[in-house]
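A closer look at the structure
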Amino acid sequence: MEFVMDGLSVDFPYPTIYPEQYAYMLEIKRSLDAKGHALLEMPTGTGKTVSMLSLITSYQRANPHVGKLVYCTRTVPEMEKVLQELQNLELFRDSLRGPNRTHKLLAVGLSSRRNLCIHPTVAQESERESVDTKCRSLTASWVRKRAAGGDANVETCAFFEALEAHGTDSAMPHGVHTLDELKELARARGWCPYFLARHAISFADVVVYNYQYLLDPKISGLISSSLQRECIVVFDEAHNIDNVCIEVMSINFREATLLACERNVGRLYSEVARLKRVDTQRLNREYQSLVNGLAQSGALPTGHNADDLRAGASLPESMLSEAVPGNIRRAEHFVTFLQRIVRHVKGRLDKCRDEASASIERPARFLARLQEEANVDAKALKFCSERLRSLLRTLEVTNVQEYQPLTLVAEFATMCATYEHGFSILLEPSDDRTPSLPDPVMQLCCLDASIAIKHVFDRFQSVVITSGTLSPIELYPKLLKFSPCVVRTLTMSLQRDAICPLVICRAADQTALSTRFETRSEDATVRAYGELLIQMAECVPDGLVAFFPSYLYMEEVIRMWAERPTAARRPSDGGAAQPQASRHPSVLDRVLEHKLVYIETPDIVETTLALENYKRACDCGRGAVFLSVARGKVAEGVDFDRHYGRAVLLLGVPFQYTRSRPLISRLEYLAETCQISEADFITFDAMRQAAQCAGRVIRGKTDYGLIIFADSRYNRIDKRNKLPQWIRTHLTDEHLNLSTGEPDRLPPPLLTRSPVRLLAYSLTCSLPLRSDMGVCISRRFLKRMAQPVSDEDLQAVSLTAQELRNPVRVREAIARTVVS
């Protein structure tokens, strides 16, 4: 439908719109009108993406001065979903105004070379680094120059050469190009799809790519330098955006990295000496250009550049025109400079290992020691990363991956010298997971998430941060240190209660369910979680997803479930007792009686295969359980819609490892600079991860699912209040403080009674029915939800084009969805 919102004509590709979608669009428009930033939370499965695309592309059409839409996602599947939604929107506009209409969009998605390469040899490589290295060996400017000079032994990429010869001067056809469609278009024309996408960024109307391309200073300079201030930037599914910012600005390395650095330094000495013998002029030209500053040296990335060696840490604009310090200007002097840094850092790690003690210090203290013990100037360190990049370019190195260890140390040195606050340097004698194995590590820990994203807020006039799990939303402006002009939380309008959250606190024998470190590995706790999984596998149809706090705990529990038998089951009425040999099956054996079991692993290929088989089991009616990990790939990017996820089981609270020294440093920094207490942040972080897991099973208003919070700590109000409003709304008192049990002790008629009547029955008959109510409520909910949703029910929570013309009706509908 087409409707007018606050003076703006909006195209929406569906005949009706949800009130929360309309309110969401309205808040985005207000932020765009104000040329400010927005922070918006809207429940999962309510159409955030299509609402965002409809509003912003309509706004672009009505306001030609507005720049392109830069849509940032976390994963490739999410990128494809955005492009598919945009395709549907454009098809609707074709049906509305004809296929020859004006203002057709050009939208492209950009991913890594590994996902876009069509070269028959390079595309066969499975590792991203290998694909990048082979690509550079075919497309680097000096390689192409040699090939043009008649060197028959030099191989180039025919696709890249064709793009350079014709493609950059040819316009891409308007339309929305998914990654596969972009590859087909490029293959048909003989062009390279990766560099075609990078070239299209400068003139496309919509660009969809990963967070890293905008947040990581080592990548954004290569990819996003051509974006104008008027661009509209969207970070979707941004509940973890502060953690992403921390990760892109943090660096860590071990002793093995420094040993590789020593080999890199030796190789650089040899390469510089070789170049001195065969082409001294090239080194002299580099020296003269460095006198004029990095901006004139050719070391910095500039737009569409095939020699895109990994950029270094971001430097202030004032330093780019500064002359590079004389002590690192000559190649041989710079290599010696790097050698001194590597030796100093290696000496610090050796001392840390020998003394078996951890230490933490600020960058200023580290630089002082470096100056004192290795005679390394802090100002020269600021240029270290880009100076190395310039040298690798001068030496015409195509296998940049070989020098990755030295590049890492150069970035570490540059960032230590560039940032005085918001960082700490940590030395640990071993990994937290294997404390008995000496393996010293040095980490540059970013403590301030705002450092990575500050340039985005400063550079672009409108940045939208949105997700379904931003509660409590008031923490994000503190964490990211920005001032949004629009901050809004929206809830979901439902005709029926399609979400049933339950807090299970105890087992039938009153064992407390909790993944506290002190009790998480006890037999009683593991057995209680196993009994809960068995009961849910029995009563939940089709797919069931269970999330553990960590891989280590999941492996431990699964091993115990496989090895140790459960309590004996009572024979059914009138039946004989089972033989002794079959009376005590393990937890997994009993789960497999009802559903197949699949497990997420850290290996992405294994997990992908497990997910495919899990969905096959659900499709054929066998049903399956998927055991996964909060904060893992599945929790962050896989949707278990419809019968693939009728229940999600959170086995514990997904807290971070609170003894982690980087986390402790960050908590101290947040308390000091943002006035966020340690307990508040730890709980906030755990609850947003739990909410993200919970949202995997609700992907639309016709969908439904159980959400089982299996830990007594979820019963505390300080934990529940940090869950999103769309969960808290359905978390009533009768769904709290429940226990597992065996519902077959109840008379069958009671299984269909309401929870209130069940509780009254328990009081009059002195039966411990409270222990059975968790399963009873689950069965009653699933039975009620199994009835089909009528069109009338959906229309009751939707607005038609005619209703949108009634301001009173619109205000009433929006009032029911706006929380804050």
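These remarks concern the structure in this document.

About the criteria used
- Residues numbered from 1 in each chain as written.
- Predicted model: local features only at pLDDT ≥ 70, side-chain atom pairs only at ≥ 80, totals over all residues.
- Heavy atoms only, no water.
- Core = buried A, V, L, I, M, F, W, Y, C linked by side-chain atoms within 4.5 Å.
- Buried < 20%, exposed > 50% of the residue type's maximum accessible area, 1.4 Å probe, protein only.
- Helix = DSSP H or I, 4+ residues; strand = E, 2+ residues; numbered from the N terminus.
- Contact = heavy atoms within 4.5 Å.
- Pairing = 2+ DSSP bridges.
- Axes fitted to C-alpha atoms, helices over the stretch in contact; angles between N-to-C directions.
- Salt bridge = Lys/Arg side-chain N within 4 Å of Asp/Glu carboxyl O.
- Expected span 1.5 Å × (residues − 1).
- Phe/Tyr/Trp six-rings, centres within 6.5 Å; stacked < 30°, edge-to-face > 60°.
- Lys NZ or Arg CZ within 6 Å of the ring centre and 35° of its normal.

**Section: the nonpolar core**
- Counting 174 residues, the largest nonpolar core has Phe3, Tyr209, Phe235, Ile241, Leu268, Ile453 and Ile465 as the members making the most contacts within it.
- Considering every element that reaches this core, the biggest residue donor is helix α17 (residues 331-355), with ten residues.
- Setting aside residues up to four positions removed in sequence, tyrosine 209 forms contacts with Val70, Tyr71, Cys72, Thr73, Met79, Leu110, Ile201, Leu214, Ile223, Ser224 and Leu227.
- Counting 45 residues, the second-largest nonpolar core is a separate cluster that includes Ala498, Val557, Leu588 and Ala647.

**A look at the sheet that holds strand β8 (residues 206-210)**
- Strand order in the open sheet formed by eight strands is β7-β6-β8-β5-β9-β14-β4-β15, and the pairing between neighbours is parallel. This sheet does not close on itself; its edge strands, each paired only once, are β7 (175-177) and β15 (486-489). When strand polarity is set aside, the average angle formed by the axes of neighbouring strands in this sheet is 15 degrees.
- As defined by bridge partners, strand β6 (residues 106-109) adjoins β8 across three bridges and the pair is classed as parallel. Residue pairing across strands places alanine 107 opposite valine 206, the latter belonging to β8.
- Helix α2 (residues 48-62) rests against β5 (69-73), β8, β9 (232-235) and β14 (462-467) of the sheet, and its axis sits at about 165 degrees to β5.
- Where helix α8 (residues 179-189) meets the sheet, its contacts fall on β6 and β7, and the angle it forms with β7 comes to roughly 100 degrees.

**A word on the pattern of salt bridges**
- Taken as a whole and judged by the stated rule, the model has 54 salt bridges.
- A salt bridge links arginine 74 to glutamate 636; its shortest N-O distance comes to 2.2 Å. Of the two residues, arginine 74 sits in the loop between β5 and α3 (76-97) while glutamate 636 sits in helix α28 (residues 633-637), which places them 562 residues apart along the sequence. Across the pair, exposure class does not vary: arginine 74 and glutamate 636 are buried alike.
- What you see here is one network of salt bridges that share partners, running through Glu2, Asp11, Arg61, Glu90, Arg93, Asp94, Arg97 and Arg101.

**What about helix α34 (residues 773-785)?**
- When the terminal C-alpha atoms of α34 are compared, their 18 Å separation across 13 residues agrees well with the 18 Å that a helix rising 1.5 Å per residue should span.
- Along α34, the residues that are buried comprise Met773, Gly774, Val775, Cys776, Ile777, Ser778, Phe781, Leu782 and Met785.

**Concerning the packing of aromatic side chains**
- Counted according to the given criterion, the structure contains 21 aromatic pairs.
- Taking the centre distance of 4.4 Å and the plane angle of 5 degrees together, the rings of phenylalanine 457 and phenylalanine 482 count as stacked. A residue pair is termed long-range when its members are at least 10 positions apart, and phenylalanine 457 in helix α22 (residues 450-459) and phenylalanine 482 in the loop between α23 (475-480) and β15 qualify at 25 residues.
- You can call phenylalanine 482 buried: its relative accessible area is 7%.
- Ring plane angle 55 degrees and centroid distance 6.0 Å describe the contact between phenylalanine 548 and tryptophan 561, whose orientation is recorded as tilted. Of this pair, phenylalanine 548 sits in strand β17 (residues 543-548) while tryptophan 561 sits in helix α25 (residues 551-563), and the two are 13 residues apart along the sequence.
- Residue class for tryptophan 561 comes out buried when judged on its relative accessible area of 1%.
- Grouping aromatic residues by their ring pairs yields a cluster made of Tyr598, Tyr614, Phe626 and Phe640.
- In this structure, lysine 615 is placed above the aromatic ring of tyrosine 644, and the distance from its NZ or CZ to the ring centre is 5.3 Å.

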